[in-house]
Amino acid sequence: MAPARKRANLSGVERRAVELDTIASVLPIDRRDELAELLTDKDVETLRHLVNQGMGANTLRALTSDLAYLEAWGLAATQKSLPWPAPEALLLKFVAHHLWDPQHREADPDHGMPADIDDNLRRQKFLKSVGPHAPATVRRRLANWSTLTKWRGFDGAFASPALKSAIRLAIRAAPRQRLRKSAKAVTSDVLAKLLATCATDSLRDLRDRAILIVAFASGGRRRSEIAGLRREQLTVEPPISVENGPPLPSLAIHLGRTKTTSGEQDDVVYLTGRPVDALNAWMAAAKIDKGSVFRGIGRWGTVSNRAIDPQSVNAILKQRAEMAGLEAGEFSAHGLRSGYLTEAANRGIPLPEAMEQSRHRSVQQASSYYNNATRRSGRAARLL
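The structure presented is a predicted model; accordingly, all values stated were derived computationally and were not measured.

1. Comments concerning the pattern of salt bridges
For the structure shown, the criterion picks out 12 salt bridges. Between aspartate 66 and arginine 141 there is a salt bridge, and its shortest N-O distance comes to 3.2 Å. Highlighted residues: aspartate 66 in helix H5 (residues 57–78) and arginine 141 in helix H9 (residues 135–151), separated in sequence by 75 residues. Arginine 141 gets classed as buried once you look at its relative accessible area, which sits at 10%. The salt bridge partner of aspartate 208 is arginine 207, with a shortest N-O separation of 3.0 Å. Residues aspartate 208 and arginine 207 agree in their burial class; the two are buried. Here the residues in one salt-bridge network are Asp205, Arg207, Asp208 and Arg320, joined through shared partners.

The following block contains the structure:
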């Protein structure tokens, strides 16, 4: 049977699963089968269009995540898929369900997101934290909702005075403290404890050691960049000469398009010494000479042909933290990013030099990753 005829005989869910699988190499998608049930044919068509337009993988991944959440919430709240364009009343309902006052909720159980909708989203693992959403999350999802609406050729009510007023009043009524993505930074002392749990020559230890040390040493790479790293992005550089010792191996990682670059830019970061050795040891053991660098490992030690997903980087870090006797809940993959900059500050490396490796574009944003504990005990707080 021809491929086109096979596809025509598939159910709607099966067909969407196949369509999602065809773009997974460009846009790594977690929970493909669940998304196939949740997203509509038009949603998948939109994602395929954006992939073909060459939009950055990180932006596409965020759009896919938000679209899935919006569809899940819409089904739970209205028992229907999202209408395009969404009426103003539905946008106001979204704000009311996600920005609410916990104190008011105690007096009025109907305030905020209804319990049945909350339970529905938690069962599907779309809701994890307790309480109202962060205003930035609500604004981002509304912005992506607006963007997707425009790409479908519609105008929306996203700029309506009523919606802007509702968001402003909700934020004012229920201020929320901004929390760090990782409560604690993974500085070099923490990293050493994590790496100590990867002491054997097993494939899993070699892979996890390479993931952790490469993510940190390359400037605190985002988990999506580590999960999506391919052999073709690596180039061998001339060894680095050092006094009283053998030259250190050097590699360049060509990041290509990232969260903060355009398609014409090719950001490059460098690895020297131990990270290069760790990476080479993993690739040699796993026989990786092309394609995805960091891959899944089966129950019997079989290395998969497919890349790990970004969430796996987070899970690996937390697992290693627990093995090291640390509080796993205090660390996340993002702690490698803040940890790199915090460690640079601790060692007196100028922020602009550290930013060359982390590839931050904003000094304000980069400096915000310096943990308060480090600032409180650092030299800048003890001038007198």
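More follows now that the structure is in view.
2. A look at helix H8 (residues 115–123)
Restricting attention to buried positions, one finds in H8 the residues Ile117, Asp118 and Leu121. Down the axis of H8, the sector holding all buried residues measures 100°, keeping them to one side. With respect to the buried face of H8, the exposed residues turned more than 90 degrees away are Ala115, Asp116 and Arg123. In the stretch just after H8, lysine 125 is the one whose phi turns positive, near 65°.

3. What about the nonpolar core?
One broad rule of soluble globular proteins: the nonpolar side chains tend to lie buried together. Residues Val186, Ile253, Leu279, Trp282, Val293 and Phe294 are the most contacted members of the largest nonpolar core, which totals 43 residues. Secondary structure elements with two or more residues in this core: helix H11 (188–196), helix H12 (203–217), helix H13 (223–227), strand S2 (248–256), strand S3 (267–272), helix H14 (274–285), helix H15 (310–323) and helix H16 (334–346). The biggest single contributor to this core is H12, with eight residues. Contact partners of tryptophan 282, with chain neighbours within four places excluded, come to Leu203, Leu206, Arg207, Ala210, Ile288, Val293, Phe294, Arg295, Ile297 and Val303.

4. Brief notes about the packing of H12 against H16
For the pair H12 and H16, the least separation of the axes is 8 Å and the interaxial angle reads 50°. Relative to H16, the element H12 lies oblique. For H12 against H16, the interelement crossing comes out right-handed. Residues Leu212, Ala215, Phe216 and Ala217 of H12 touch H16, and the partners they reach there are Leu336, Gly339, Tyr340 and Glu343.

5. Here's the deal with unusual backbone geometry
Residue proline 85 follows tryptophan 84 across a cis peptide bond; omega there is 0°. Secondary-structure assignment places proline 85 in the loop between H5 and helix H6 (88–98). Look at asparagine 244: it is not a glycine, yet its phi comes out positive at around 55°. Within the secondary structure layout, asparagine 244 lies in the loop between strand S1 (234–240) and S2. Of the residues examined, asparagine 244 reaches a relative accessible area of 82% and is grouped as exposed. One non-glycine residue with positive phi stands out, namely lysine 287, at about 55°. Counting through the fold element by element, lysine 287 comes out in the loop between H14 and strand S4 (295–297). Lysine 287 gets classed as exposed once you look at its relative accessible area, which sits at 71%.

6. Focus: the pairing of S2
Relative to S2, S1 runs antiparallel, the two sharing five bridges. Across the sheet, threonine 235 pairs through a bridge with alanine 252, a residue of S2. When S2 meets S3, the two strands line up antiparallel, connected through six bridges. Bridge assignment links serine 250 to a residue of S3, and that residue is threonine 272.

7. Digging into the confidence of the model for the protein chain
Looking at the protein chain as a whole, the pLDDT averages 81, with 77% of positions reaching at least 70. A low-confidence stretch, residues 1–8 (pLDDT under 50), is modelled with six contacts involving residues beyond four sequence positions or located in other chains.

8. Things to note about the environment of serine 224
Here serine 224 is to be found in helix H13. For the pair serine 224 and proline 310, spaced 86 residues apart in sequence, the C-alpha separation works out to 4.9 Å.

9. Considering the packing of aromatic side chains
Evaluated as defined, the whole model comprises six aromatic pairs. With centroids separated by 5.1 Å and ring planes inclined at 85°, the aromatic side chains of tryptophan 73 and phenylalanine 94 adopt a geometry described as edge-to-face. Of this pair, tryptophan 73 sits in helix H5 while phenylalanine 94 sits in helix H6; the two residues are 21 residues apart in sequence, bridging distant segments of the chain. Relative to tryptophan 145, the ring of tryptophan 73 has its centre 6.4 Å away and its plane inclined at 75°; by these criteria the two rings are edge-to-face. One end of the pair, tryptophan 73, is in helix H5; the other, tryptophan 145, is in helix H9, with 72 residues separating them in the sequence. Comparing tryptophan 73 with tryptophan 145, the two get one shared label, buried. Here the aromatic cluster, defined as three or more aromatic residues joined through ring pairs, consists of Trp73, Phe94, Trp145 and Phe158. The ring of tyrosine 69 is capped by arginine 141, whose NZ or CZ atom sits 3.9 Å from the centre of that ring. Above the face of the tryptophan 84 ring, arginine 152 is positioned so that its terminal group lies 4.0 Å from the ring centre.

Rules used in this analysis
- Residues numbered from 1 in each chain as written.
- Predicted model: local features only at pLDDT ≥ 70, side-chain atom pairs only at ≥ 80, totals over all residues.
- Heavy atoms only, no water.
- Salt bridge = Lys/Arg side-chain N within 4 Å of Asp/Glu carboxyl O.
- Helix = DSSP H or I, 4+ residues; strand = E, 2+ residues; numbered from the N terminus.
- Buried < 20%, exposed > 50% of the residue type's maximum accessible area, 1.4 Å probe, protein only.
- Arc of directions from axis to C-beta.
- Core = buried A, V, L, I, M, F, W, Y, C linked by side-chain atoms within 4.5 Å.
- Contact = heavy atoms within 4.5 Å.
- Axes fitted to C-alpha atoms, helices over the stretch in contact; angles between N-to-C directions.
- Parallel < 35°, antiparallel > 145°, perpendicular 65-115°, else oblique.
- Left-handed = near helix turned anticlockwise from the far one by under 90°.
- Pairing = 2+ DSSP bridges.
- pLDDT = per-residue confidence, 0-100.
- Phe/Tyr/Trp six-rings, centres within 6.5 Å; stacked < 30°, edge-to-face > 60°.
- Lys NZ or Arg CZ within 6 Å of the ring centre and 35° of its normal.

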